[in-house]
Amino acid sequence: MRLVLLGPPGAGKGTQAARISARHGVPAISTGQLFDQQISAGTALGRRAEHYVRAGELVPDEIVLDMVAERLTTSVDCEVGFLLDGFPRTVPQAEALDRMLGASCGPLDLVVDLVVGEDEVLERISRRAVSEGRRDDTEQTARRRLKVFAAETAPLRSHYAEQGLLRSVDGSGSPDEVSARIEEVLAAVAHPEVRASRP
Ligand code: AMP
């Protein structure tokens, strides 16, 4: 299964990625987590990325793409697949991913778009700031990240809708409720005849 999880910061992508990964046995690859690890370890890549992450800005595409290409080529088993969380985030990243997969595992199966309203997202981010202490969860940075999402990442919806891959899932409510909605959508990938027989 080759999946992308799309959605604004605070939509619950990390929580749902962990659940999908556990349930379907596919590794979840989170670019946000990869940057966090690189920053904590003080690597050259982490030093290049840190300023952008702290400001709530996107790390430039070439840095992200190098990191993802390395991860995909070194540790992804195409038979098993993968789940991408937080990548791609710009149209050029999505186009680069299409090319990478065209030359390796084959195209994506599905893009799950977690849809959550701005007020709920801001509330979740401020709760998370208290409980997890992320390095980019101040209110000002959260607002900036939402603006960046609207400008840079939301256009990916049309990119994937044109490819017939986009499935929007209501991301409001409890993690269990959201998981159940996602599983319904994923069932169509595991059992394509269900999808084919629907009007
Ligand atoms: P996340 O945990 O996915 O919200 O990512 C945290 C931060 O890491 C983002 O605000 C960006 O600064 C950076 N980041 C993560 N993924 C990407 C990406 N695909 N492109 C650019 N920057 C990214």
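Residues numbered from 1 in each chain as written. Predicted model: local features only at pLDDT ≥ 70, side-chain atom pairs only at ≥ 80, totals over all residues. Heavy atoms only, no water.

**A look at the site of the ligand**
- Neighbouring the ligand are 16 residues; Thr31, Glu57, Gly86, Arg89 and Arg145 lie closest to it.
- A distance of 2.7 Å separates a nitrogen atom of the ligand from a polar side-chain atom of threonine 31.
- A distance of 2.8 Å separates an oxygen atom of the ligand from a polar side-chain atom of arginine 145.
- Surface burial for the ligand is 94%, taken as the share of its 480 Å² of free accessible area covered by protein chains. (Near = heavy atom within 4 Å. Polar contact = N/O pair within 3.5 Å; in protein donor to acceptor, adjacent residues only side chain to side chain. Areas by Shrake-Rupley, 256 points an atom, 1.4 Å probe, with all protein chains shown as cover.)

**A few points about the pattern of salt bridges**
- All told, the structure shown has 7 salt bridges when counted by the stated rule.
- For the salt bridge of arginine 54 with glutamate 50, the shortest nitrogen-to-oxygen distance reads 3.0 Å. With a gap of 4 residues between them, arginine 54 and glutamate 50 both fall in helix 3 (residues 44-55), about one helical turn apart.
- For glutamate 50, a relative accessible area of 25% puts it in the partly exposed group. (Salt bridge = Lys/Arg side-chain N within 4 Å of Asp/Glu carboxyl O. Helix = DSSP H or I, 4+ residues; strand = E, 2+ residues; numbered from the N terminus. Buried < 20%, exposed > 50% of the residue type's maximum accessible area, 1.4 Å probe, protein only.)

**Overview of the state of the cysteines**
- Applying the stated criterion to the full structure yields 1 disulfide.
- The disulfide bridge from cysteine 78 ends at cysteine 105, spanning 1.9 Å between sulfur atoms. Across the S-S bond of cysteine 78 and cysteine 105 the torsion is about -75°, and the bridge reads as left-handed. With cysteine 78 in the loop between helix 4 (61-75) and strand 3 (82-85) and cysteine 105 in the loop between helix 5 (91-102) and strand 4 (110-115), this residue pair connects regions lying 27 residues apart in the sequence. (Disulfide = S-S within 2.5 Å.)

**Quick notes on the side chain of serine 179**
- Checked against the element boundaries, serine 179 lands in helix 9 (residues 175-190).
- At 3.0 Å, the side chain of serine 179 and the side chain of glutamine 16 are in polar contact.
- Each residue touching serine 179, except ones within four places of it in the same chain, is listed here: Gln16 and Arg19. (Contact = heavy atoms within 4.5 Å.)

**What about the environment of leucine 101?**
- Following the sequence through the fold, leucine 101 ends up in helix 5.
- Taking the C-alpha atoms as reference points, leucine 101 and serine 30, separated by 71 residues in sequence, lie 17 Å from one another.
- If we ignore the near neighbours within four places in the chain, the residues touching leucine 101 are Phe82, Gly106 and Leu108.

**Things to note about helix 7 (residues 139-153)**
- Over its 15 residues, helix 7 runs 20 Å from end to end, which matches the ideal 21 Å to within 8%, given 1.5 Å per residue.
- Of all the positions in helix 7, only Thr141, Ala142, Arg145, Leu146, Val148, Phe149 and Thr153 are classed as buried. Projected down its long axis, helix 7 carries its buried residues within an arc of 165°, all on one side. What points out from helix 7, more than 90 degrees from its buried face, is the exposed set Glu139, Gln140, Lys147 and Ala151. (Expected span 1.5 Å × (residues − 1). Arc of directions from axis to C-beta.)

**Topic: the sheet that holds strand 5 (residues 166-170)**
- One open sheet holds the 5 strands; their spatial order is 2-3-1-4-5, and the pairing between them is parallel. Edge positions in the open sheet fall to strand 2 (28-30) and strand 5, since each of these has one partner strand only. The mean angle between the axes of side-by-side strands here comes to 25°, regardless of whether they run parallel or antiparallel.
- The pairing of strand 2 with strand 3 spans 3 bridges and is classified as parallel. By the bridge assignment, alanine 28 is partnered in strand 3 with leucine 83. (Pairing = 2+ DSSP bridges. Axes fitted to C-alpha atoms, helices over the stretch in contact; angles between N-to-C directions.)

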